[in-house]
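# Structural features, examined
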Amino acid sequence: MGCNSSQATATSGPEAAAGEDSAERPTRGISQCSSASHLTDADVDKHHERLLKLKELDQATKIPFILVELRGCGDEDGYIEICGKDEYGVYEALDNFLQSQWHCKRMDAGDMKKNTPVPFCDKLYRWKEYRAQGSDGTSNMGLATMQLVDFMCNSLCWTLGVINGGNVGIHGEIREQQVIFKAPHPMNMVAGHIMIELRSAGYIEVCGTDREDMDILHDYLLENFNAKPEAGHEEFCNRYYSCASGVFKERGTAGENNLGLLTVKVCDAVVNKLHGWSLVTMNGGNYGEAGTHREQQLVFRCDHHPLREAPHLMVELREAGYIEVCGQDIDGIYGKLAAFVEEEWKCSSQMQVMEAFCDKKFKWKPKDFTEAAAEMTAFFHKQGWQMQVCSQGTVKIKGNPDSREQQMLFRPGASAYGLVEPHLFFELYTGEGDPELFGRHVTQVLGNQTILIKPVGDCSSALAEFDRFATEYLGGGRDETQDGSIKYHVDCFLSRGITDNNLGAWTMRFCDFMVDRLGWSFVVCNVCNLGASGEIREQQLVFRFDGERREIPAVKVNASALNWTLFPGLKFPGYWRTQDVLKLKKTYQTVACEHEEIEALQ
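Remember, it's a predicted structure, so these values are computed and weren't measured experimentally.

### Some thoughts on the pairing of strand 7 (residues 123–127)
- In this structure, strand 5 (residues 77–84) lies alongside strand 7, joined through five bridges in antiparallel fashion. Looking at strand 7, one finds that isoleucine 82 is bridged to lysine 123.
- In the sheet, strand 6 (residues 105–107) pairs with strand 7 via three bridges, with the strands oriented antiparallel. Bridge pairing in strand 7 places arginine 106 opposite tyrosine 125.

### Some words on helix 6 (residues 333–344)
- In this model, helix 6 (twelve residues) spans 16 Å end to end at C-alpha, consistent with the 16 Å of a helix rising 1.5 Å per residue.
- Every buried residue belonging to helix 6 is among Ile333, Tyr334, Leu337, Ala338, Phe340 and Val341, and all of these are buried. Buried residues along helix 6 cover an arc of 165° about the axis, so they all sit on one side.
- Packing partners of the buried residues in helix 6 comprise strand 20 (313–318), strand 21 (322–327), strand 23 (360–363), helix 7 (369–382) and strand 24 (385–397).

### Considering the nonpolar core
- Counting 45 residues, the largest nonpolar core has Leu424, Phe426, Ile451, Ile453, Phe466, Phe522 and Phe543 as its most contacted members.
- With eight residues, the top contributor of residues to this core is helix 10 (residues 503–517).
- Dropping the residues within four chain positions of it, phenylalanine 543 is found in contact with Pro422, His423, Leu424, Phe426, Phe510, Cys511, Met514, Val515, Trp520, Ser521, Phe522 and Val523.
- Judged by nonpolar contacts, the second largest core, of 36 residues, contains Ile82, Trp102, Cys153 and Met195.

### Some remarks on the sheet that holds strand 29 (residues 477–480)
- One open sheet holds the six strands; their spatial order is 29-30-28-26-34-33, and the pairing between them is antiparallel. In the strand order of this sheet, the two ends are held by strand 29 and strand 33 (521–530), each with one partner. The average angle at which neighbouring strand axes cross in this sheet is 20°, direction not considered.
- Of the pairings in the sheet, the one linking strand 33 to strand 34 (residues 536–544) comprises nine bridges and is antiparallel in character. Its bridge partner being in strand 34, cysteine 528 is matched across the sheet by glutamate 538.
- Packed on one face of the sheet, helix 10 meets strand 26 (423–429), strand 28 (450–456), strand 33 and strand 34 and runs near 15° to strand 34.

### Some thoughts on the side chain of threonine 145
- Position of threonine 145 among the secondary structure elements: in helix 3 (residues 141–155).
- Excluding its chain neighbours within four sequence positions, the residues that come into contact with threonine 145 are Leu70, Ile163, Gln177, Val179 and Met195.

### Considering unusual backbone geometry
- Here histidine 304, not a glycine, exhibits a phi torsion of approximately 50°, which is positive.
- Positionally, histidine 304 belongs in the loop between strand 19 (293–302) and strand 20.
- Classification of histidine 304 as buried rests on a relative accessible area of 8%.
- The phi dihedral of histidine 441 is positive, around 60°, even though this residue is not glycine.

### Re the environment of tyrosine 322
- Positionally, tyrosine 322 belongs in strand 21.
- Using a relative accessible area of 5% as the deciding quantity, one classes tyrosine 322 as buried.

### Some thoughts on the sheet that holds strand 5
- Strand order in the open sheet made by the six strands is 6-7-5-4-11-10, with antiparallel pairing throughout. Looking along the sheet, the strands with just one partner apiece sit at the ends: strand 6 and strand 10 (159–168). With strand direction ignored, the average angle separating the axes of adjacent strands in the sheet is 20°.
- In the sheet, strand 10 pairs with strand 11 (residues 174–182) via nine bridges, with the strands oriented antiparallel. Among the inter-strand pairings, isoleucine 163 is bridged to a residue of strand 11, identified as valine 179.
- On the sheet, helix 3 packs against strand 4 (65–74), strand 7, strand 10 and strand 11 and is oriented at approximately 15° with respect to strand 11.
- Each of strand 4, strand 5 and strand 11 touches helix 10; the most contacted strand, strand 4, lies at about 160° to it.

### What to know about a nonpolar patch on the surface
- Nonpolar side chains collect at one region of the surface, where Met351, Val353 and Met354 lie side by side and expose about 430 Å² of accessible area between them.
- Structurally, the position occupied by methionine 354 is in the loop between strand 22 (348–349) and strand 23.

Analysis parameters
- Residues numbered from 1 in each chain as written.
- Predicted model: local features only at pLDDT ≥ 70, side-chain atom pairs only at ≥ 80, totals over all residues.
- Heavy atoms only, no water.
- Pairing = 2+ DSSP bridges.
- Helix = DSSP H or I, 4+ residues; strand = E, 2+ residues; numbered from the N terminus.
- Expected span 1.5 Å × (residues − 1).
- Buried < 20%, exposed > 50% of the residue type's maximum accessible area, 1.4 Å probe, protein only.
- Arc of directions from axis to C-beta.
- Contact = heavy atoms within 4.5 Å.
- Core = buried A, V, L, I, M, F, W, Y, C linked by side-chain atoms within 4.5 Å.
- Axes fitted to C-alpha atoms, helices over the stretch in contact; angles between N-to-C directions.
- Patch = residues over 30% accessible without salt bridge, like charges linked within 9 Å, V, L, I, M, F, W, Y side chains within 5 Å.
- Areas by Shrake-Rupley, 256 points an atom, 1.4 Å probe, with all protein chains shown as cover.
- Salt bridge = Lys/Arg side-chain N within 4 Å of Asp/Glu carboxyl O.

Right under this line is the structure:
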């Protein structure tokens, strides 16, 4: 879910973080495969065999996931990749949508034959209806994302899981947006979605189809953001607002800004003003040729979430040397958080002399962000709070063109006080490539690839199962670390040029294994782009164990046709009303619930 700057210079050693005092930047251990290399014939055979072996796991699919990656390379120049299991006819439905609605052209994504290039995705399309304008990051990526969400959720009944993205290219001009959906659920037919995009360039964009609730948002934005609605931008969003000077604020050379404060303000307003709406996913970062325009995509769903109007609290970890907290001080959480970071991380509370861009600020010595995020999650769960979403990225500041930031949003009431639910934080580091091979656009095995795992709570059983997956299916070599994390050295990540890679495909494989095989819940996924052109990728995946679940049958039954000989004389339930089902023309049909049914089901 992080959208990130690509203005950095690729490095493999420590750098000094910018700030009032320099802090030593965390360093990464070197993999056994320390340099990138051209994919040899032997490598091709190995990777094809590895992908074929993974087919063994497909027989256990119970809760399928699918990832759609939208890539905008320039105005009217885009591509779409699809990765994941083809369950419930989703590939055919997407193919019809992309070709008929977006006028995409199907391309060859490759196959499993050994004499062909290793496929990076399952389906590939040329997308010429991507639009980009100017140098401030204006594009229709948000609008296209929500059109896709509406189709997948309201038409096909799939569930939106995560939206995250990054940017690639010398000026960050290539946008990449990953949209992950999970198994269909009939409630999605009547669950609307709205995206609110806050842009520090001075604009707010709203995308969605729920007019009544968008009208309520309209009044809120006019009153609280001094926003002015502007027509003529419908090619990029459904509703476009320009904000008065001083709404979005920033200062100094360490990247200080008030976007976190505004994000919490909007999230709390939505759950209070729009009945039944809650935050689903958050995607924050920066865009524009100089990498200075910050943006925050917030996607809400009308799902009558059990937390209802519970407030949001944001903790932002900044490699510039600060931790910033925004949100209400519920049940003394600020004091408890201060005690935790001061004792465990040796932080110090900072008095904000100038205008406050957050509600609480601490000075800290940055540590590994995956480790820090895991420890912060454990602290909040012990207090009865639960992490809802998180987003990471890099920003360009003075003295550090790759300064990391991670935003984490928590809400009270979803976790039992004193109980730390087991979490597993995965960091997929795809490794560094050879600049010459990037330029030649040939397939290369990236160097220094690692998979880092940081457990929270008792995860011993899941870690044992994952160890078998990592060694048997990924060819990983395990390496223990001193802080309790586990690291695997791998060679599964490949790339062609600076944009084409197989990270999306492996992300889906991780989701399938953790959810289908182990029964864990998928919480969030976010990507971080590093390097001179953003070509170095780091994907963070978070899973949570919510307790034992009832057994779900594997999705393998072919229900595409009915055996009519089984039905003569059978009376169907009186509340069935779909004629195609009653006449045996269809095996099933999803229908919208009445309002009373929605309330009862929730």
